Amino acid sequence: PGLIETENRDTALVWNVFRTLELIAPEFWLRRFRARLDALTSLEPSNRSLSIRLWAVLPTPFDRSNQDPVCIDALVETETAVYGLMTYHGSDLEFGDTTLVRPDAVLRVIDAISWYAGARDCYIGLITSDWSDTPIGGALIERYRGSRDAMLRRLPHRRDGLVNVRSIGGMTWRDVAAVMQDCADSDSLNDLERFAARRTVQWLDSLGIHPTD
């Protein structure tokens with residue numbers, strides 16, 4: 001029961017948050033979201049066109065022969081960039097069968113998103129309830145954020161050097177709530193956008209997820 005409750009909570013968070021963000025002008029929220037991921041690597045053009053897919057299944061170059069795709073919890077796409085997000089609430093990554101020579105879960109997401117993005121920039125992020133809940137995921141994000149060589153050694157088939165990977169980062173659901181609060185308080189958004197954001201902020205608050213500063 002505890003595991004089911006955790007999975008249901010994560011599913012509800014992903015659905016409600018990203019379906020709300022679909023209703024809000026991307027040029028307002030996406031830059032704030034990217035900043036919370038510590039992914040402001042450049043001044044990118046405003047993105048007025050955006051699509052969001054939840055639990056998207058993508059192939060990876062490494063696993064093509066085995067037909068073993070990877071599931072991306074939230075896939076955000078613009079004309080110039082792709083954001084692949086892994087989400088957790090009160091849980092962590094599993095190592096799986098360590099006897100198999102294959103990339104870990106974070107590397108597989110990086111591989112899949114980068115391959116899918118093609119000529120577009122890509123950003124990989126992990127969202128968690130708290131970093132103490134996701135120590136393995138947090139450690140892997142820090143490892144690959146700090147060293148492109150560490151990624152390339154584990155993904156030798158990526159002879160392109162993963163050049164389109166612009167940033168790897170993480171945030172908590174409290175950070176997401178802060179982005180949503182900014183939307184709810186903004187005078188530059190219309191009434192419908194502010195109302196949708198405010199409702200989601202209230203729902204997050206009912207779960208004990210309060211905006212960070």
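These numbers were taken from a predicted model, which means no experiment stands behind them. (Residues numbered from 1 in each chain as written. Predicted model: local features only at pLDDT ≥ 70, side-chain atom pairs only at ≥ 80, totals over all residues. Heavy atoms only, no water.)

**Student:** Where do I start with the overall build of the protein in this structure?
**Tutor:** What the protein contains, in helices and strands, is 7 helices and 5 strands. The N-to-C order of helical and strand elements in the protein reads α-α-β-β-β-α-β-α-α-β-α-α. The buried share among the 213 residues of the protein stands at 49%. A separation threshold of at least 6 residues defines the contact pool for the protein, and within that pool the share at least 24 residues apart is 74%. (Helix = DSSP H or I, 4+ residues; strand = E, 2+ residues; numbered from the N terminus. Buried < 20%, exposed > 50% of the residue type's maximum accessible area, 1.4 Å probe, protein only. Contact = heavy atoms within 4.5 Å.)

**Student:** Can you walk me through the sheet that holds strand β4 (residues 121-128) in this structure?
**Tutor:** In sheet architecture, strand pairing relies on hydrogen bonds along the backbone and comes in two forms, parallel and antiparallel. Strand order in the open sheet formed by 5 strands is β1-β2-β3-β4-β5, with mixed pairing between adjacent strands. The open sheet terminates on both sides in strands that have one partner only, identified here as β1 (51-58) and β5 (165-172). The mean inter-strand angle of the sheet, taken between neighbouring strand axes irrespective of direction, is 25°. Looking at chain direction, β4 and β5 are connected through 7 bridges and run parallel. Bridge pairing in β5 places I124 opposite I168. Most of the contacts of helix α4 (residues 135-146) go to β5, to which it runs at about 150°, and overall it touches β4 and β5. (Pairing = 2+ DSSP bridges. Axes fitted to C-alpha atoms, helices over the stretch in contact; angles between N-to-C directions.)

**Student:** Is there a simple way to think about the pairing of β4 in this case?
**Tutor:** The two faces of a sheet get side chains in turn, since along a regular strand they alternate between them. With 8 of 8 residues buried, β4 lies mostly within the body of the structure. Of the two faces of β4, the one holding D121, Y123, G125 and I127 and the one holding C122, I124, L126 and T128 are both buried throughout. Two strands pair when backbone bridges link them, and strand β3 (residues 81-87) and β4 are joined in this way by 7 bridges, in the parallel orientation. By the bridge assignment for β4, Y83 is matched with Y123.

**Student:** Explanation requested: the packing of aromatic side chains in the structure shown.
**Tutor:** Aromatic ring pairs are described here by two measures, namely the spacing of the ring centres and the angle between the planes. The full count for this structure, using the stated rule, is 3 aromatic pairs. The interplanar angle of 85° and the centroid separation of 5.7 Å between the aromatic rings of W29 and F33 together place this pair among those described as edge-to-face. A residue pair is termed a helical-turn pair when its members lie 3 or 4 positions apart in one helix, as W29 and F33 do in helix α2 (residues 26-36) at 4 residues. Owing to a relative accessible area of 0%, W29 belongs among the buried residues under this scheme. Measuring from ring centre to ring centre gives 4.8 Å for Y83 and Y123, while their planes differ by 10°; the resulting arrangement is stacked. (Phe/Tyr/Trp six-rings, centres within 6.5 Å; stacked < 30°, edge-to-face > 60°.)

**Student:** How should the pattern of salt bridges be read in this particular structure?
**Tutor:** Opposite charge on two side chains lets them pair, provided their charged atoms get close. Within this structure, the stated rule accounts for 11 salt bridges. Across the pair R36 and D175 runs a salt bridge, and its minimum N-O distance is 3.3 Å. With R36 in helix α2 and D175 in helix α6 (residues 173-185), this pair connects stretches of sequence that are 139 residues apart. A residue is classified by how much of its surface remains accessible, and D175, at 14% relative accessible area, is buried. Between R145 and E142 there is a salt bridge, with the nearest N and O atoms lying 2.1 Å from each other. One end of the pair, R145, and the other, E142, are both in helix α4, 3 residues apart, so they sit about a helical turn from each other. You can call R145 partly exposed: its relative accessible area is 35%. One network of salt bridges, with partners in common, ties together D111, R158 and D160. (Salt bridge = Lys/Arg side-chain N within 4 Å of Asp/Glu carboxyl O.)

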